[in-house]
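# Descriptive structure summary
Each chain, letter by letter, is given below.
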Amino acid sequence: MLLATKSIEELNELLDNKLSSDIIKDYRIYLMLDTTIGIDVVLNEENEENEELLKELENISLVKIDYEQISLNDYENDSFYEHKFSSDNKIDLGYKRRLSNLDNTKSTNDEFSKIPIVSFYSYKGGVGRTTSLVSFANYLSYTKGKKVLMIDFDLEAPGLSNFFGSSMNNLDKNGLVEYVLDKQSSKEDNLGIVENYLVEVPRKYTNDGSIYIMSAGNLSNSENVKSYLEGLARIDITGNNNMLDQLKGLIEDIDKAIEPDIILIDSRTGFNDIFGILLNKLSKIVVGIFEENKQTNVGLEMFIDKCLINDKNIAKPFFLNSQINKQDEHETRLKDFQDTIDEYLSDDYKDINDNSIVVFPLKNNRVLSNLGTLKENDDEYLEFIKDMPKDYQKYCKSLYELTFDDTVLKVNTTLDHPTKTVDKSSILHTLLSNFPEPYGENIKDFDDDFFNKKFFFRKCFEDIFNYDKMLIIGSKGTGKTTLYNSLKNDDFLKTLKTKAGRSNNRIKAINIISSHDGNDPNNPKYIEINNIFDDDMKEEDYKKFWLIFITNSILLDLKSDGYTKQIDSLPQEFVPSKATVLKKLFLSFVSDDEQFIKIENELTNINKWLKQKETTLMIAFDQLDFVVKPDMWNKAIVPLINYFKSNPYDKIHPKLFLRSDLFNKLSNITNKQSLESRSIYLNWSKEEIFGFLFKTIFAFAKEDFLDFMEQNDSYKDSAMEIKKYLKKEKVFNQVKLEAYYLEPLVEVFFGKSADMNSSASRVHGKPYDWFYKNLSNANNTISLRPFLDLIKYAIEKSINDDDVNKLPLLGASYYAEYGARKQCVQRYFDDLSDEKGNELFKNIISIIKENDFPNELRNRESRGFKYEKFMKNIVDSINKDRTEKIIKEDIENSLIHNEVINIEYRGRSGKKLTFAYLYKYFLGLRG
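Quick look at the structure, then.

Analysis parameters
Residues numbered from 1 in each chain as written. Predicted model: local features only at pLDDT ≥ 70, side-chain atom pairs only at ≥ 80, totals over all residues. Heavy atoms only, no water. Helix = DSSP H or I, 4+ residues; strand = E, 2+ residues; numbered from the N terminus. Buried < 20%, exposed > 50% of the residue type's maximum accessible area, 1.4 Å probe, protein only. Contact = heavy atoms within 4.5 Å. Areas by Shrake-Rupley, 256 points an atom, 1.4 Å probe, with all protein chains shown as cover. Axes fitted to C-alpha atoms, helices over the stretch in contact; angles between N-to-C directions. Parallel < 35°, antiparallel > 145°, perpendicular 65-115°, else oblique. Left-handed = near helix turned anticlockwise from the far one by under 90°. Nonpolar A, V, L, I, M, F, W, Y, C, P; charged D, E, K, R; others polar. Core = buried A, V, L, I, M, F, W, Y, C linked by side-chain atoms within 4.5 Å. Pairing = 2+ DSSP bridges. Patch = residues over 30% accessible without salt bridge, like charges linked within 9 Å, V, L, I, M, F, W, Y side chains within 5 Å. Salt bridge = Lys/Arg side-chain N within 4 Å of Asp/Glu carboxyl O. Lys, Arg positive; Asp, Glu negative; His and termini not counted. Charge placed at Lys NZ, Arg CZ, Asp CG, Glu CD.

## What to know about the overall build of the protein chain
For the protein chain, the helix and strand inventory stands at 39 helices and 20 strands. Counting over 927 residues, the protein chain shows a buried share of 54%. Counted over contacts in the protein chain with a minimum sequence separation of 6, partners at least 24 positions apart contribute 75%. Here the protein chain has roughly 42800 Å² of accessible surface; of this, 44% comes from carbon and sulfur atoms.

## A few points about the packing of helix α17 (residues 424-433) against helix α29 (residues 686-710)
Where α17 contacts α29, the axes come no closer than 10 Å and their chain directions differ by 165 degrees. Considering their axes alone, α17 and α29 lie roughly antiparallel with respect to each other. Pair α17 / α29 crosses with right-handed handedness. Of the residues in α29, those touching α17 at K424, I427, T430 and L431 are L693, T696, I697, F700, A701, D704, F705 and F708. Looking at the contact of α17 with α29 residue by residue, the class counts come to eight nonpolar, two polar and two charged.

## Examining the nonpolar core
Membership of the largest hydrophobic core comes to 88 residues, with the highest contact counts inside it found for F705, F749, Y815 and Y919. If you tally residues by element for this core, the top one is α29, at 12 residues. Beyond its immediate sequence surroundings of up to four residues, Y815 is in contact with F750, S753, A754, P767, W770, F771, L790, A794, L810, A820 and R821. Counting residues in hydrophobic clusters, the runner-up holds 86 residues, among them I473, A500, V590 and L675.

## Things to note about the sheet that holds strand β2 (residues 37-43)
Spatially, four strands are ordered β3-β2-β1-β4 in an open sheet, and the strand pairing comes out mixed. Here the strands that pair on one side only, and so sit at the sheet edges, are β3 (65-70) and β4 (91-92). Relative to β2, strand β1 (residues 24-31) runs antiparallel, the two sharing seven bridges. The residue bridging Y27 from the neighbouring strand is V41, located in β2. Running at roughly 170 degrees to β1, helix α1 (residues 3-20) makes contact with β1, β2 and β4 of the sheet. Helix-sheet contacts for helix α2 (residues 51-60) involve β1, β2 and β3, and the interaxial angle to β3 is about 155 degrees.

## A few points about a negative patch on the surface
On the surface, a cluster of negative charge is contributed by E9, E10, E13 and D16. Within the secondary structure, E10 sits in helix α1.

## Brief notes about the pairing of strand β15 (residues 616-621)
Consecutive side chains of a regular strand alternate in pointing toward one face of the sheet and then the other. In terms of burial, β15 is largely enclosed, as six of its six residues are buried. Every second residue of β15 is oriented toward a common face, with T616, M618 and A620 on one face and L617, I619 and F621 on the other, all of them buried. Summarising the sheet, strand β14 (residues 507-511) and β15 pair through five bridges and their orientation is parallel. Of the residues in β15, the one forming a bridge with K508 is L617.

Below, the structure is given as structure tokens:
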């Protein structure tokens, strides 16, 4: 205990006795900032001076005192003293440099925010505070479809950037500290909070909901860290009102921008002012995470005191017993922790029911422990989100119900009509006659029929509205061009915005490049760069070209929107007949700096105009392999990517649709690794490929298929739930992409086993897993084309099956046989090999497929000597008739970039080459 604190207790007791004995009229004790003590004493009329009292006080006090005796006349007649003694409190602890907010127990959390705010606090670090917060955010978003905002208030040790894979890595994004200081110093009211201060988590982690993160600050590089520390040194977190007002303004700005359903706050550890603000001023609920040890008991008792000191005003407490550092005796540890709380309550809070505080244990979870380390596994993390351990599910469900006062409605799965008998061959015939093509380049009508039957809404498509995502990367058949062409349609954009929770956002999408065939008269923006520039152009010149091209395309679209352009010579229609004129126009801007400044000024004016309209302009680029020859991408496309890595326009957001093989070949991008967090990868997931298939089935044979499903007692309840789900608005015949819904459908269609000879065999696994494994590319992704072609081929073979009512619809004897697996790759290979710049790949595969290719080299895996012999055979065959020779590394890179092989380095044993399962039968490989 401080000497001053101890002295105040004894001084108070002495003066209280003097007051009771009428020796003094009144008194006040003040704790000064330097921990000396001030004392004001009001004397009774007959005791005008009392030197003995002063001596008594000085003898008792262990610290210096500043003593003042006040006459009864001044006390009763002087307004200064009247104000000084107006408070009933005899002791005034005075101004504090810190912790004043922790002591202030008057809540204001209901005065301004309609959004529930839940804060997470721990007295010590390393107990799983941030992981428990993120787990709850995952639960709210993925399971409950909520829009969640997470704010990192742990300003000295930010931690939220370790989650959600690479989505936070290397993002040059400001956070809480910058926003608070920028808001009070900026000349502009609208700082663009979503674009500049919030990070949106990719949709694969959030399902039907969404998660936004406001980090503590920008720590993306050394310069930003230096700036962050300058800001941190200037932010006032101790004042009673200043910080609170700023946080209120922040929450109001956030509510206006994204309308979150809930805000989750990661607090600092220990005794601190931030926790005081969160507890007393902002939060509806405060989650306390503690271990059951003596080291944290003082923090636990403080937490209970602060939460229960005034039950009507302070946030509700919610207790977690952290056992993440413990391996065993979980039940015993939980009981000991509960006993500690109950004992403290029985001593200091006798009027509180011991059973009113429920504690939830959180055990160690390997997946969460590995986040942010070299052992992190994104696939395992996604599985954790989809299917949380029971202790996390129980804690999240209870906290959710406390926050939203939610009541859970049970689904009645009783059948309400008799099931009709369905012939399965009729379903297969219907499916075959309406079998989908995976590509959608030639979409014309965006009507209800298109949404319900043809277009498959993927979660990654919703990331197109994520301001931080700049690149959309995918190989043939992943849906790049389908999405690109769809964006320019208002009905499609409106529907996708609704599914992404962006209905209130004003977003205008512009396709910067027209279709390369020139048959798009309503959007003439196609040009081949080799017709404009010579090969000796510099990187800066290509950057200028793109800014001119972008400006021209935007102006073409904004002509009817009321924007007043500044440049008379733009816009121009980019059509082949104007090639000479266009070349002259481009060169006039590129070669003259004063002219080019007009382009930059035009883009700045467009950005200002968009701000006034509160509109975001999404500018999309596709067909880049036609605009720029693939062998020129390092020179001509990289400047475009590098420029937009530091986008100067907060209302103009680029979306570059890139072929994955060409992007992988790029070698001179500045800090290419940082683009991982800026990219949307259009790889299909296991759930999506099945979801795509069943959308087609539900679009054309929904009732028949689900009735067929109900004919088997094991699937009646699942069929009924799926029927109810598909009746929801804006579902578009797409079942929820979760194993709970999909696995029964897959079993009905493909069976319980992928074994060709025995439906009871488990050797080849379940079809739900078999397809992804056996049709996967070398990078463990899957392509839609081979999956659909395999099923179509199998249906054609099975269409005359006599077993009309027996499960499954399509057994393994049709889809797992050699011919089907060989045939399903052919069209996919043709599409890849016909891409511009992929001629070498076509030659390599053709050589391996030739009859005279050595059989001893046809292995799915090769290493050491066999690997070298395999490569030499291909190199010799290709170079036989070539003037410009290729080398082994060219072969490797071509196969790797097309996701055909994976190469590992095995030390002394050299390289190990492994072909994707997808190509095993197509190339006739063994093993």
